Amino acid sequence: MRLVNVYREQKAIAVLYALLGERPPETQISHRKMPTYQEHMAFVRSVPYRMWFLIRVDGEFVGDLHATENNEIGIFLFAKHRGKGYGAKAVKLFMSRHRP
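This one's a predicted model, so the numbers in the text were calculated from it and none came from an experiment.

Draft legend 1. Layout of the pairing of strand 2 (residues 51–57). For strand 2, the buried fraction is high: seven of the seven residues fall into the buried class. Of the two faces of strand 2, both are covered, the one formed by M51, F53, I55 and V57 as well as the one formed by W52, L54 and R56. Two elements, strand 1 (residues 2–5) and strand 2, share four bridges in a ladder whose sense is antiparallel. Residue V4 lies in a different strand from strand 2, and its bridge partner there is L54. Across seven bridges, the pairing between strand 2 and strand 3 (residues 60–67) is antiparallel. Paired with M51 across the bridge in strand 3 is A67.

Printed below as a string of structure tokens:
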């Protein structure tokens, strides 16, 4: 497992948009409806989180993890990758490398 910096990964915007499309509306914190791709791109490029990573397992992006300025952690996984322990492993990896 690797944590890949969203702000440095060329494919990040597309992966994050696909991930956003799987999120239930009630879990959205930055918007009320699905943004357009252009709106999403602007949001990502605004660097909204202190740290933001894509979670990569065996060469495939399985989800994302971010940390806010208040050290709150958010995580979301693609549906097909849930229940495999990736979320817990990603948080442990993040915490081992990025202490507040």
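Moving on, there is more to tell.
Draft legend 2. The nonpolar core, seen in detail. Core analysis: the biggest nonpolar cluster contains 15 residues, and V6, L16, V44, W52 and L54 have the highest contact counts within it. Broken down by secondary-structure element, the contributors of at least two residues to this core are helix 1 (12–22), helix 2 (37–45) and strand 2. Top contributing element to this core by residue count: helix 1, with five residues.

Draft legend 3. Spatial organisation of the pattern of salt bridges. In this structure the tally under the stated criterion is two salt bridges. Note that R82 is salt-bridged to E22, the shortest N-O span being 3.9 Å. You can see R82 sitting in the loop between strand 4 (73–77) and helix 3 (86–97) and its partner E22 sitting in helix 1, a full 60 residues away along the chain. By relative accessible area, which is 40% here, R82 ends up partly exposed. The salt bridge partner of E60 is K80, with a shortest N-O separation of 3.2 Å. Placement of E60 in strand 3 and of K80 in the loop between strand 4 and helix 3 is noted, with a sequence separation of 20 residues between them. When its relative accessible area of 33% is taken as the criterion, E60 is described as partly exposed. Since its relative accessible area comes to 58%, K80 is described here as exposed.

Draft legend 4. Here's a closer look at helix 3. Over its twelve residues, helix 3 extends 17 Å from the first C-alpha to the last, a length consistent with the 16 Å expected when each residue adds 1.5 Å. In this structure, the buried side of helix 3 is in contact with strand 1, strand 2, strand 3 and strand 4.

Procedures and definitions
Residues numbered from 1 in each chain as written. Predicted model: local features only at pLDDT ≥ 70, side-chain atom pairs only at ≥ 80, totals over all residues. Heavy atoms only, no water. Buried < 20%, exposed > 50% of the residue type's maximum accessible area, 1.4 Å probe, protein only. Helix = DSSP H or I, 4+ residues; strand = E, 2+ residues; numbered from the N terminus. Pairing = 2+ DSSP bridges. Core = buried A, V, L, I, M, F, W, Y, C linked by side-chain atoms within 4.5 Å. Salt bridge = Lys/Arg side-chain N within 4 Å of Asp/Glu carboxyl O. Expected span 1.5 Å × (residues − 1). Contact = heavy atoms within 4.5 Å.

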